[in-house]
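Take a look at the letters that make up each chain.
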Amino acid sequence: MNSMQTAAPAPAGRSMQWRSLEFVLGALLSGVMLTLVLTSVWIFPDRGSLMDLAARLSQPFAHWDHVLGTDPLGRDVLARVLVGGRISLMVGFVSVLGASVLGIAIGLVAGYYRGFWDMLLMRCVDVQLALPFILVALTFISILGGGLGNIILFMVVSQWVQYARLVRGMVLSVREREFVQAARAFGVRDLAMLRHHILPNVLGPVIILMTLNVANNILLESSLTFLGLGVDPLIPSWGGMLADGRTYMQTAWWVSVFPGVAIMLTVLGLNLLGDWLRDRIDPTVKL
Amino acid sequence: MGGFLIKRLLQAIFVVLVVTFLVSYAVRLSGDPAIMLSQGAGSVTEQDLQNIRKGLGLDRPFLVQYADFVRAMLVGDFGQSFLGGTPVARLIGDALPATLALASVSLLLSVLVSVPLGIQAAVNKGKRADQFIRIISLVGLSFPNFWLAIMLVLLLSITFPLLPPSGWDGPISLVMPALTMALILSATNVRLVRTAMLETLSAQYIMVARSKGLKERVVLYKHALRNCAIPLITYIGLQFGNLIGGLVVVEKVFNWPGLGTLAFDAIAGRDYPVLQGTVTVLSIIIVAVNLLVDIAYGLVDPRIRTK
């Protein structure tokens, strides 16, 4: 890839500064949020659901016991935010993993072999681009019920096409390159060719797309759960907490503010990283 | 041009058919409307249920029912609400103006904000102003729509009681949902304007315009902006589905009496004909907008037609 040559000649000093700032900020935000959420199992083994009825609706930043305050049932908001983050992050990562593996495989096959499967893929792309997926999803989820599995499944079904389209397009150009032709002349088999020669050359933009989609799917999960179409309301999750908090908005602003801040910091971190990666790997790629 | 038009039109019709098929199928999965309709009617025999099914035409194969739904849809008949029996078409007709009002006002607001900001970012590429605008727009893309809505309610209705928090209370009720939508849309649009503008600004006619000694404002807003209007409209057209998706959620949070709220109330009440009709109409709107954008693009830029 000659992306380095095609990068717009930016005024070097400031631009480099900005890029590294973007990276540091993104890595810091997503790293800290990820660590906090993942270690919350040990920090707050069960505080997310523990009800301290004596300290119901305590104000944030008032007691060391409940730094971010408590909700109307006396549950610690900080603990719930961190514990709830596990669900959101899991949905984000698992759905992206599923969609990308499926999409990469289909994109590789379609781009490398062309023919019937390629045509079928392109028709899927057409429909996916034009289909108001959120509406179809709302219909299906409202009828089949939300739940963790269904949400992830829906995200995989609706997003694999993005990866397949991206990979296919790049395979089309990579397969004509000299090193692929040389490998073919040496008698490298198709599977080895795809794994060792083609896949590594298309992975960069896929990783950008994955980063941005983890961010997106965290938002999507919280929206669906907020609307009562997502994760079981009894399990703490960011969207669910926001839905709860909305009821107490008049009396306890902190219950609906902090889960949103948690979502924002995590997603912003991932978006910054994705943006930085795009500048690094291939500024010309349109995602 | 004729061939291109026909191809695009057929594609659009195909997509609408796919959507309606999926939605009808989902509604079929929801269970037996006969049982739902007969709830609260005292003792119901199997024979009664059969009669209800026959009356609704539910005893026929799914494909026949689907064909019927499409045929009825073509003359604007979406069936009746399970709750109260109002024609779905009338419910949609009542809600549509509210949705269109919200969509157009927020789109307009967002253009007013994002065009100047995007242009400033592009002109100052890599400088502090650009970085600032990019960070702000990235922050705007990083929280859920409904959270912004909640925060605005918290700020403008509870802390400073300036605006009504939800529902329809005269035109003033439009302010908060429109503001929310406009902010959300601007986060994306600023980036789109910036990208389109960067491409345009490197063109030679811009250099010519500048070297003629035209004022920078004229160069940017007259020469450059006009030329990036086409890619901008295309991007925004592609985003339209997302716009409607966001709109649906924001409507629900503010209880705005539009199609989104109608759809969610239908979900809550298991009122499937209403849900089916609303989703179908929203999909048709999205597909139609995309079609119009493509046609407009094809008219302006002959290269698209031959692709």
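For clarity, every value in this text was computed on a predicted model and none was experimentally measured.

**A closer look at the nonpolar core**
Formed by 151 residues in total, the largest nonpolar core has its most connected members in Y163(A), V167(A), V267(A), A149(B) and A263(B). The element best represented in this core is helix α3 (residues 77-113) of chain A, accounting for 17 residues. The residues contacting A149(B), other than those within four sequence positions of it, are T180(B), V250(B), V253(B) and F254(B).

**Some words on unusual backbone geometry**
Despite not being glycine, R114(A) has its phi angle at roughly 55°, a positive value. The residue R114(A) is located in the loop between α3 and α4 (115-130) in this model. When the 14 C-beta atoms within 10 Å are taken as the criterion, R114(A) is described as partly exposed. The backbone of N255(B) shows a phi angle near 55°, a positive value even though the residue is not glycine. You can see N255(B) is positioned in the loop between α10 (216-254) and α11 (259-268). The exposure class assigned to N255(B) is partly exposed, which follows from the 17 C-beta atoms found within 10 Å.

**Here's the deal with the confidence of the model for chain A**
Residues and elements named next belong to chain A. With 83% of its residues at a pLDDT of 70 or more, chain A has an overall mean of 81. Taking the mean pLDDT of every element in chain A, the minimum, 40, falls on helix α1 (residues 3-6) and the maximum, 90, on α3. The low-confidence segment residues 1-14, where pLDDT is below 50, has 15 contacts with residues more than four positions distant or belonging to other chains.

**Regarding the environment of D294(B)**
Relative to the elements of secondary structure, D294(B) occurs in helix α12 (residues 272-300). It is 8.5 Å that separates the C-alpha atoms of D294(B) and G237(B), two residues lying 57 residues apart in sequence.

**Section: the confidence of the model for chain B**
Residues and elements named next belong to chain B. The predicted model of chain B has a mean per-residue pLDDT of 82, with 93% of residues at 70 or higher. For chain B, helix α13 (residues 302-306) is the element with the lowest average pLDDT, namely 61, and helix α5 (residues 88-123) is the one with the highest, namely 90. Both confidence scores are given for the complex: pTM 0.82, ipTM 0.78.

Rules and cut-offs
- Residues numbered from 1 in each chain as written.
- Chains lettered and ligands numbered in written order.
- Predicted model: local features only at pLDDT ≥ 70, side-chain atom pairs only at ≥ 80, totals over all residues.
- Core = buried A, V, L, I, M, F, W, Y, C linked by C-beta atoms within 7 Å.
- Buried ≥ 20, exposed ≤ 12 C-beta atoms within 10 Å, placed from the backbone.
- Helix = DSSP H or I, 4+ residues; strand = E, 2+ residues; numbered from the N terminus.
- Contact = placed C-beta atoms within 7 Å.
- pLDDT = per-residue confidence, 0-100.

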